[in-house]
Amino acid sequence: MASTFENFIQSHQFTFFVGQEGKSIVVHAAAITATSQQLDALINGGMGESETRCARIEDVKVDDFIRFCEYAYRGDYTVPPWEELPPEPSSTSGKDQQNGDDDGWGDWAPLPKKKKGKKGRVAVPEPEPIPESELPSMEMGYPQESGVYDEPELAAAPEPQYEVRRISRAQLRTQLNSRNYLNDGGPKALILQHFEPKSNSAVDQNFTPVLLAHARLYCFAHLRLIEPLKALTLDKLHKTLMDFKLYTKRVGDIIELARYAYSNPDLPDRSDDRTLDDLRKLVFEYIVCEIDTIGKCDEFVKYMEEGGEFVGDFWRMARDYMA
């Protein structure tokens, strides 16, 4: 039987000591057990925690666990606001423009062809005629004793001129923009699909806390096998990234998100068939789509120099698009 809010508030209370500081958070047991079989076993499985009605969870931040509790009670969660950074004394407006929708690979573009025009044309003198006596003989060579004929020397064939082709990422961008993680069609999913994240509107709005809040809650749900919460965090993070204005100074926010997703030990590494974890795939594909802006920043170069699986994933994607 599905749990109701009445069942939640009438169930016994359970205390979690959360984080390294052991923050005490008291919840209704039925609300938590309805979300996770692992936590259900912890609370009702007959172990010591079920007798004392308390347990320690040190591998999660207090704020993230509170968001999980909010999800357990109401099926949704809120994220922290972005941080307002103090403006720099002197800023170059030309470098902080929003990234345009470009399907090319940045600087890897063919050189523009020179246009022909009448203006600025330099006159080239006609070459002087060569005297007839100095012209080479056109007679054919006679056969030699060995039976081998002198063959006229052939001019070297001109080398083919290859032009660097702009690679389109339109298909990947379209696929990323149209992705939907809440596809069960239930009433709760329909409500959550109307989530509209608060987008950034200025270069000094630090969105790292917002992005990492979604990512950390995803990892919490992954470790405790809470698939609906994983889908919700991915959907919210996806919509946040789609509305994110990628100023040059905000590239560091994306790099911190990638660093967390690829360094978290609770997430699985790339499988043998090159399948990526959903969080890493979302972050990685976003970076590939926005590489024209991200790739020009020192933060991205330094992150690539750190090594790890991201470098391999990025090169495989770049190699496929360059083929």
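Description of the structure in this document. (Residues numbered from 1 in each chain as written. Predicted model: local features only at pLDDT ≥ 70, side-chain atom pairs only at ≥ 80, totals over all residues. Heavy atoms only, no water.)

1. A few points about the overall build of the protein chain
Within the protein chain, the regular secondary structure consists of 14 helices and five strands. Counting across all 323 residues of the protein chain, residues that qualify as buried make up 40%. Summarising the internal contacts of the protein chain: among those between residues at least 6 apart in sequence, 74% fall at separations of at least 24. For the protein chain, the exposed surface amounts to about 20,900 Å²; the carbon and sulfur share of it is 53%. (Helix = DSSP H or I, 4+ residues; strand = E, 2+ residues; numbered from the N terminus. Buried < 20%, exposed > 50% of the residue type's maximum accessible area, 1.4 Å probe, protein only. Contact = heavy atoms within 4.5 Å. Areas by Shrake-Rupley, 256 points an atom, 1.4 Å probe, with all protein chains shown as cover.)

2. Observations regarding the side chain of H214
Mapped onto the secondary structure, H214 falls in helix α8 (residues 208–223). Judged by its relative accessible area of 1%, H214 falls in the buried class. Once you skip the residues sitting within four places of it in the chain, H214 turns out to touch Y77, V79, T233, K236, L237 and T240.

3. Some remarks on the environment of D253
If you trace the backbone, D253 turns up in helix α10 (residues 251–263). Judged by its relative accessible area of 3%, D253 falls in the buried class. On a C-alpha basis, the gap between D253 and L212 in space is 9.1 Å, while along the polypeptide they are 41 residues apart. Every residue in contact with D253, bar those within four places of it in the chain, is listed here: Q205, N206, F207, T208, L211 and F244. Among the polar contacts made by the side chain of D253, one reaches the main-chain amide nitrogen of F207 at a distance of 3.0 Å. (Polar contact = N/O pair within 3.5 Å; in protein donor to acceptor, adjacent residues only side chain to side chain.)

4. Concerning the pairing of strand β3 (residues 54–57)
Going residue by residue along β3, you find A55 and I57 tucked away on one face and C54 and R56 left uncovered on the opposite face. Relative to β3, strand β1 (residues 13–18) runs parallel, the two sharing four bridges. Within the sheet, the bridge partner assigned to V18 lies in β3 and is I57. (Pairing = 2+ DSSP bridges.)

5. Examining the packing of α10 against helix α13 (residues 298–305)
In the contact formed by α10 and α13, the axes pass within 9 Å of each other and the chain directions differ by 15 degrees. Considered as vectors, α10 and α13 are oriented roughly parallel to each other. Once α10 is placed against α13, the crossing between them reads as right-handed. Judged by residue contacts, G252, I255, A258, R259 and Y262 of α10 engage E299, F300 and Y303 from α13. For the contact of α10 with α13, a count of residues per class yields five nonpolar, one polar and two charged. (Axes fitted to C-alpha atoms, helices over the stretch in contact; angles between N-to-C directions. Parallel < 35°, antiparallel > 145°, perpendicular 65-115°, else oblique. Left-handed = near helix turned anticlockwise from the far one by under 90°. Nonpolar A, V, L, I, M, F, W, Y, C, P; charged D, E, K, R; others polar.)

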